[in-house]
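One-letter residues, chain by chain:
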Amino acid sequence: MKIVIIGAGPGGYVAGIRAGQLGAKVIVIEDTEVGGTCLNRGCIPTKAIIASTEMLEKIKDVQEYGLEIKGEVSASLDRIIERKEKVVGTLVKGIKGLFKGLGIELIEGRGKVLGSGKVWAILKDGAQKEIDADKIIIATGSRPLNIPAFPFDGERILSSDDILGLKEIPKGLIIIGAGVIGCEFATIFRSLGTEITMVEMLPHAVSTEDEEISEALERELKKRKIKLILNTKVEKVIRKDGDVVATLTDGSEIRAEKILVSIGRAFNTDNIGLEESGINKGKRGEILVNERMETNIPGIYAIGDVIGGMMLAHVASTEGLIAVENALGGNRGMDYRVVPSGIFTSPEIGSVGLREKDAIQKGYDIKIGRFPFRALGKAHASGEISGIVKIVTDAKDDKVLGVHIIGPHATDLVHEAALAMKMGGTAKDIARTIHAHPTFSEAIMEASEDVHGIAIHIPKKS
């Protein structure tokens, strides 16, 4: 069986490796670098930078831990970016090594579907060739959405790709959009000393999260002196006297050295042969697939951001595994009911399942448990007391419907909740599971106890 995969992001490269493990002949076509947006311009680069800024924040508070640093500590953006590039390079090299070990052929160029069983590869050197395939997987991903009112110029008006290449720390930064990407960059650059103003058209920052979590993050942003303007749109952006000026819906203007536009992603569906092959697209331009990740054309699958679902790297990877297994004769469907997500702000956010308002809208009679990190011994010992764990359960059978965390290591802690939900677990199941002390995970246990009003380290519910 010969499988051709167009795109080597977290969906494509994972699909290629699994296909190789299962004995298929695999060709992966990638026009930039293996790892895609996630590894080269998204998840990993930003987390490498966040590691640097978190270290800087710790150093600022070093006296709180009984330590002294003699001399000035400052941030060098050049060195931070250099470290980021080293981390990325190591991981890219690792993927290529896995490809080589499994005999996966990597073609550096652009792939185009010619129809069921055929792909056209346009190589970096300009050469072209036709490739036969038994099965094809499209994993071309997405890119920052370029809005006509404030088009990227790479110098003053920046995309999330552009901002990773800055050589100097800006004195002032306007961020259009207080979603996941905007809030992560806000905390990064505030730690580096940049004055931040965020503008969001919706009522809350990270509006995809449970409302209590969003409100908690807003308080933390304000503590860090990040200005947050909600329920407001940016009408236009102009360059003026070496700065950028944004005009808001109320007619007021805000000014800064640079602007980051982080209000959406566009699907990479241009010039990949969808129209010529007859592959169906949705209203937003996404590739339509069924739960087996199949398009309407037999033998052609699509995965990741390009199908317009949950645009998360780990979702793309799972979709890639499912597409490959089905391409090789399996019969597995994608289940989106239990998908954890992480936001790497300061503090972090981790969530899985239904938000409180979603559970109510679906008709559940709910019970909620909460536990603040400031009531946790490990949080005080570590100097990280901000945040809360919130658990939403079905009052009828105690099953966990959703868990929402803002606080230290939230992006790691949420997976205990995800497993509990996957296994059909209840709040009592979590509460009765012995948790090591002192750990941050005790907060999940105590929040589960609080569902029934029996948490040990907070006052009893009235």
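Located above this text is the structure these notes cover.
Residues numbered from 1 in each chain as written. Predicted model: local features only at pLDDT ≥ 70, side-chain atom pairs only at ≥ 80, totals over all residues. Heavy atoms only, no water.

Novice: Quick question: what am I supposed to make of the overall build of the chain here?
Specialist: Counting its secondary structure elements, the chain contains 13 helices and 22 strands. The C-alpha atoms of the chain give a radius of gyration of 24 Å, which matches the 23 Å a tight globule of 462 residues would have. Its C-alpha atoms give the chain principal-axis dimensions of roughly 65 × 60 × 45 Å. Classification of the 462 residues of the chain by burial places 52% in the buried group. Of the contacts formed within the chain by residues at least 6 apart in sequence, a portion of 62% connects residues at least 24 apart. (Helix = DSSP H or I, 4+ residues; strand = E, 2+ residues; numbered from the N terminus. Rg over C-alpha atoms; globule rule 2.2 N^0.38 Å. Buried < 20%, exposed > 50% of the residue type's maximum accessible area, 1.4 Å probe, protein only. Contact = heavy atoms within 4.5 Å.)

Novice: I keep staring at the pattern of salt bridges and nothing clicks. Help me out?
Specialist: Two side chains with opposite charge may pair up if their charged atoms get near one another. Taken as a whole and judged by the stated rule, the model has 29 salt bridges. Here glutamate 130 ties to lysine 118 by a salt bridge, and the two come within 3.2 Å at their closest N and O atoms. Taken together, the residues span a long stretch of sequence, with glutamate 130 in strand β5 (residues 128-132) and lysine 118 in strand β4 (residues 118-123) at a distance of 12 residues. By relative accessible area, which is 43% here, glutamate 130 ends up partly exposed. Linking arginine 355 and aspartate 358 is a salt bridge whose minimum nitrogen-to-oxygen distance equals 2.8 Å. We note that arginine 355, like aspartate 358, is buried. (Salt bridge = Lys/Arg side-chain N within 4 Å of Asp/Glu carboxyl O.)

Novice: Please clarify how the layout of surface pockets should be interpreted in this entry.
Specialist: In this approach a probe as big as a water molecule rolls over the atoms, and the regions it shows empty are the leftover space. Roughly 970 Å³ of internal volume is contained in the second largest pocket. Forming the boundary of the second largest pocket are 24 residues, of which Glu57, Arg224, Ser346, Gly383 and Glu384 lie nearest the centre. (1 Å grid on protein atoms, 1.4 Å probe; cavity = no way out; pocket = protein on both sides within 12 Å on 5 of 7 lines; lining within 4 Å. Points joined across faces, edges and corners; volume = space filled by probe spheres on them.)

Novice: What am I meant to see in the sheet that holds strand β13 (residues 243-248) here?
Specialist: Pairing is antiparallel across the open sheet formed by three strands, whose spatial order is β12-β13-β14. In this open sheet, the two edge strands, each paired with only one partner strand, are β12 (234-240) and β14 (253-256). On average, adjacent strands in this sheet sit at an angle of 20° to one another, irrespective of strand direction. Across six bridges, β12 lies against β13 in antiparallel orientation. When the sheet's bridge partners are listed, lysine 236 is paired in β13 with threonine 247. (Pairing = 2+ DSSP bridges. Axes fitted to C-alpha atoms, helices over the stretch in contact; angles between N-to-C directions.)

Novice: Mind showing me how you'd approach helix α5 (residues 180-191) here?
Specialist: Each α-helix winds once per 3.6 residues, and so residues spaced three or four apart point in a common direction. Spanning 12 residues, α5 covers 17 Å between terminal C-alpha atoms, matching the ideal 16 Å at 1.5 Å per step. Of all 12 residues that make up α5, 10 are buried, and the element is covered over most of its length. Those residues of α5 that fall on the buried side of the exposure criterion are Gly182, Cys183, Glu184, Phe185, Ala186, Thr187, Ile188, Phe189, Arg190 and Ser191. Those residues of α5 hidden inside the fold are in contact with α3 (43-60), β9 (172-176), β10 (195-199), α6 (211-223), β15 (258-261) and β18 (341-343). Following α5 by one or two positions, glycine 193 has its phi on the positive side, about 100°. (Expected span 1.5 Å × (residues − 1).)

Novice: Even after reading the chapter, I still don't get the nonpolar core, so can you show me in this structure?
Specialist: In a soluble, globular protein the nonpolar side chains are often hidden away together inside. One finds Ile29, Ile137, Ile138, Ile287 and Met293 to be the most contacted residues of the largest nonpolar core, which totals 49 residues. No other element matches the five residues that helix α8 (residues 313-327) contributes to this core. If we skip the residues at most four places from it in the chain, isoleucine 29 touches Val4, Ile5, Ile6, Gly7, Ala8, Ile107, Gly109, Arg110, Gly111, Val119, Ala121 and Ile131. Core analysis: the next-biggest nonpolar cluster, separate from the first, contains 34 residues, Leu56, Ile81, Ile163 and Leu192 among them. (Core = buried A, V, L, I, M, F, W, Y, C linked by side-chain atoms within 4.5 Å.)

Novice: In this structure, what is going on with the sheet that holds strand β3 (residues 105-115)? I would like to understand it.
Specialist: Strand pairs in the sheet, formed through backbone hydrogen bonds, run parallel or antiparallel to each other. The strand order across the open sheet formed by seven strands is β5-β4-β3-β2-β1-β6-β17, and the pairing between neighbours is mixed. Edge positions in the sheet fall to β5 and β17 (300-302), since each of these pairs with one other strand and no more. Adjacent strand axes in the sheet meet at a mean angle of 35° when their direction is disregarded. Here four bridges tie strand β2 (residues 25-30) to β3, and the two strands are oriented parallel to one another. Counted as the bridge partner of isoleucine 27 is glutamate 105 from β3. Against the sheet, helix α1 (residues 12-21) makes contact with β1 (2-6), β2 and β6 (135-138), and its axis sits at roughly 170° relative to β1, the strand it touches most.

Novice: Could you clarify how one ought to interpret the pairing of β1 in this entry?
Specialist: Regular strands have side chains that alternate between both faces of the sheet. Among the five residues that make up β1, four are buried, leaving the element largely enclosed by the rest of the structure. Of the pairings in the sheet, the one linking β1 to β2 comprises five bridges and is parallel in character. When the bridges of β2 are listed, isoleucine 6 appears paired with isoleucine 29. Taken together, β1, α1 and β2 form a β-α-β motif whose crossover is right-handed. (Right-handed = clockwise from strand over helix to strand, strands pointing away.)

Novice: Any chance you could explain unusual backbone geometry here in plain terms?
Specialist: Where the residue is not glycine, phi is negative for most of them; where a peptide bond is considered, it is trans in most cases. Here the bond from serine 346 into proline 347 is cis, since omega is 5°, no more than 30 degrees from zero. Structurally, the position occupied by proline 347 is in the loop between β18 and β19 (348-353). For the bond from histidine 437 to proline 438, the omega torsion is -5°, close enough to zero to count as cis. At aspartate 241, a residue that is not glycine, the phi angle is positive and equals roughly 50°. Positionally, aspartate 241 belongs in the loop between β12 and β13. Taking the relative accessible area as the measure of exposure, aspartate 241 reaches 68% and is therefore exposed. We note that histidine 409 has phi near 60°; this positive angle belongs to a residue other than glycine. Structurally, histidine 409 can be placed in the loop between β22 (400-407) and α11 (410-422). For histidine 409, a relative accessible area of 37% corresponds to the partly exposed category.

Novice: When you look at the environment of serine 74 in this model, what are you seeing that I'm missing?
Specialist: Tracing the backbone through its elements, the reader meets serine 74 in the loop between α3 and α4 (77-101). We classify serine 74 as exposed; its relative accessible area is 58%. C-alpha of serine 74 to C-alpha of leucine 56: the two residues are 18 residues apart in sequence and 8.1 Å apart in space.

Novice: Any chance you could explain the side chain of serine 52 here in plain terms?
Specialist: Position of serine 52 relative to the elements: it lies in helix α3. Judged by its relative accessible area of 19%, serine 52 falls in the buried class. If we ignore the near neighbours within four places in the chain, the residues touching serine 52 are Ile80 and Arg83.

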